Amino acid sequence: RIMMNDINNQISRLIDYSSLSSELRHELLSSINVNVCPYCNRQYTTSYKKDAENRTMAYLDHFYPKSKFQLYSLSLYNFIPSCANCNSRFKIDRNIDILFPYEQGFDDDAYFKVVPTAPFDIKSLIGTSNEFEIDIHVNEHSTFKDKIEGNIEMFELKSIYQSHKQY
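Analysis parameters
Residues numbered from 1 in each chain as written. Predicted model: local features only at pLDDT ≥ 70, side-chain atom pairs only at ≥ 80, totals over all residues. Heavy atoms only, no water. Helix = DSSP H or I, 4+ residues; strand = E, 2+ residues; numbered from the N terminus. Buried < 20%, exposed > 50% of the residue type's maximum accessible area, 1.4 Å probe, protein only. Polar contact = N/O pair within 3.5 Å; in protein donor to acceptor, adjacent residues only side chain to side chain. Contact = heavy atoms within 4.5 Å. Pairing = 2+ DSSP bridges. pLDDT = per-residue confidence, 0-100. Core = buried A, V, L, I, M, F, W, Y, C linked by side-chain atoms within 4.5 Å. 1 Å grid on protein atoms, 1.4 Å probe; cavity = no way out; pocket = protein on both sides within 12 Å on 5 of 7 lines; lining within 4 Å. Points joined across faces, edges and corners; volume = space filled by probe spheres on them.

Chemist: I tried to follow unusual backbone geometry on my own but got confused; where do I start?
Modeler: Most peptide bonds take the trans form, and the phi angle of most residues other than glycine is negative. Even without glycine at this site, asparagine 33 takes up a positive phi of about 60°. By secondary structure assignment, the location of asparagine 33 is in the loop between helix H2 (22-32) and strand E1 (47-50). Here glutamate 156, not a glycine, exhibits a phi torsion of approximately 50°, which is positive. In this fold, glutamate 156 is placed in the loop between helix H5 (145-154) and helix H6 (157-163).

Chemist: I would appreciate a short explanation of the side chain of asparagine 78 in the present structure.
Modeler: Structurally, the position occupied by asparagine 78 is in the loop between strand E3 (59-62) and strand E4 (79-82). Among the residues examined, asparagine 78 registers a relative accessible area of 2% and is labelled buried. Only 2.7 Å separates the side chain of asparagine 78 from the backbone nitrogen of tyrosine 64, close enough to count as a polar contact.

Chemist: I tried to follow the environment of glutamate 133 on my own but got confused; where do I start?
Modeler: Take glutamate 133: it is sitting in strand E6 (residues 132-138). Assessed through its relative accessible area of 37%, glutamate 133 is described here as partly exposed. On a C-alpha basis, the gap between glutamate 133 and serine 159 in space is 9.8 Å, while along the polypeptide they are 26 residues apart. Setting aside its immediate chain neighbours within four residues, glutamate 133 contacts Lys113, Val114, Val115, Thr117, Gln162 and Lys165. A polar atom in the side chain of glutamate 133 sits 3.1 Å from the side chain of glutamine 162.

Chemist: Even after reading the chapter, I still don't get the pairing of E4, so can you show me in this structure?
Modeler: Within a regular beta strand, the side chains point alternately toward one face of the sheet and then the other, so they alternate between its two faces. Taking every second residue as pointing to the same face, both faces of E4 are buried, with Phe79 and Pro81 on one and Ile80 and Ser82 on the other. As paired strands, E3 and E4 are joined by 4 bridges and run antiparallel to one another. Paired with aspartate 61 across the bridge in E4 is isoleucine 80.

Chemist: Please clarify how the confidence of the model for the chain should be interpreted in this entry.
Modeler: Detailed reading of the predicted model is not advised wherever pLDDT is low. Across the chain, pLDDT averages 83, with 90% of residues at or above 70. At the level of individual helices and strands, the chain shows its lowest average pLDDT in helix H4 (residues 122-126), which scores 68, and its highest in H5, which scores 94.

Chemist: Any chance you could explain the nonpolar core here in plain terms?
Modeler: The tendency in soluble globular proteins is for nonpolar side chains to be buried as a group. Counting residues in hydrophobic clusters, the biggest one holds 23 residues, and the most contacted among them are Tyr39, Cys86, Phe155 and Leu157. Tallying contributions element by element places E6 first for this core, with 4 residues. Counting 6 residues, the second largest nonpolar core, distinct from the first, contains Leu29, Ala58, Leu60 and Phe79.

Chemist: What is the right way to look at the layout of surface pockets in this model?
Modeler: Vacant regions in the atomic arrangement are exposed by a probe of water-molecule size rolled over the atoms. By volume, the second largest pocket amounts to about 380 Å³. Around the second largest pocket sit 17 residues that line it, and Pro38, Tyr39, Asn41, Phe106 and Tyr161 are the ones nearest its centre. Those elements that provide at least two residues to the lining of the second largest pocket are strand E5 (110-116) and H6. With 3 residues, the top contributor of residues to the lining of the second largest pocket is E5.

Right under this line is the structure:
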């Protein structure tokens, strides 16, 4: 019986992600035309030209990790343009089920909720006071409820949005 790790190791001898040049990476990121990280929706994934060459301020995240799915390491469908934090700090080595950005989104299944922390004050609602918390409410009946909650947990969205509530 052949183990999945053995198959993955055999494939890694044939498919080498490190052969992807930086020029090709920049070209891919520019052509995907995603301007903000689909995981956190707060960091720009800017593309620009320098000396007539494409440059980007994004990373190519492997939605299905190379370590477990070597066959997908060069699949365009597996590349998600992401910010540095989501690609390396949050997602690395965590086994949480999340939404696949090319197929699913929060859409109407989740929304922001402003929760006052002091007696109701209109200043909180118009942004001139920080006397509120930001919560993300997930529809209990959503087909993707567990994955949406996985995104919120993995990318620490409540904490991140809370830290930028003044904006």
